[in-house]
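Examination of the molecular architecture
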Amino acid sequence: MKLGAFSISLNVKDINISKEFYENLGFEVFAGDIKKNYLIMKNEKTLIGLFQGMFENNIITFNPGWDQKANKLENFEDVREIQKHLKTKNIQLQKEADENTSGPASIVLTDPDGNAILIDQHV
């Protein structure tokens, strides 16, 4: 199963302080809008999302259809196919994609330790 680009989405208290902290670690703003309280920061192939006031906990994120530079991939496993596979393994989903659609969609699941996983397809 190919899950696409990986990032961690962090719930931050102050996006400006977090931005400066991660810049000091060598990250640069890659996408997002600080005025809307979210930034995607990049250091080589590593992506970190900074989100202020959007969710309670940190989230492991995968983006089917994207490489680590958010470029669309020619061939990728659609989120609905990933969803079908997870269901065959009896993995509970907190949010499901409509299997009668195509294009952007997402699913949410939780690992055995309570960590949220977002599989978020933008293409």
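So, here is what we can say about the structure in this document. (Residues numbered from 1 in each chain as written. Predicted model: local features only at pLDDT ≥ 70, side-chain atom pairs only at ≥ 80, totals over all residues. Heavy atoms only, no water.)

1. Details of the environment of H122
- Tracing the chain through its elements places H122 in the segment after β8 (116-121).
- On the basis of relative accessibility, which here comes to 38%, the residue H122 falls in the partly exposed class.
- A sequence separation of 58 residues divides H122 from P64, and the C-alpha atoms of the two residues are 7.7 Å apart.
- The contacts of H122, once residues within four sequence positions are left out, are N63, P64, W66 and P104.
- At a separation of 3.5 Å, a polar atom in the side chain of H122 contacts the side chain of N63.
- In terms of polar contacts, H122 uses its side chain to reach the side chain of D120, at 3.2 Å. (Helix = DSSP H or I, 4+ residues; strand = E, 2+ residues; numbered from the N terminus. Buried < 20%, exposed > 50% of the residue type's maximum accessible area, 1.4 Å probe, protein only. Contact = heavy atoms within 4.5 Å. Polar contact = N/O pair within 3.5 Å; in protein donor to acceptor, adjacent residues only side chain to side chain.)

2. Some points on the sheet that holds strand β3 (residues 38-43)
- The strand order across the open sheet formed by eight strands is β2-β3-β4-β1-β5-β8-β7-β6, and the pairing between neighbours is mixed. Pairing within the sheet leaves two strands with one partner each, and these edge strands are β2 (28-33) and β6 (93-95). Pairs of neighbouring strands in the sheet enclose a mean axial angle of 25°, with direction left out of account.
- Where strand β1 (residues 5-12) lies against strand β4 (residues 46-52), five bridges are found, and the strand directions are parallel. Paired with N11 across the two strands is F51, which belongs to β4.
- Running over the sheet, helix α2 (residues 79-88) touches β6, β7 (105-110) and β8 and is turned about 30° from β7. (Pairing = 2+ DSSP bridges. Axes fitted to C-alpha atoms, helices over the stretch in contact; angles between N-to-C directions.)

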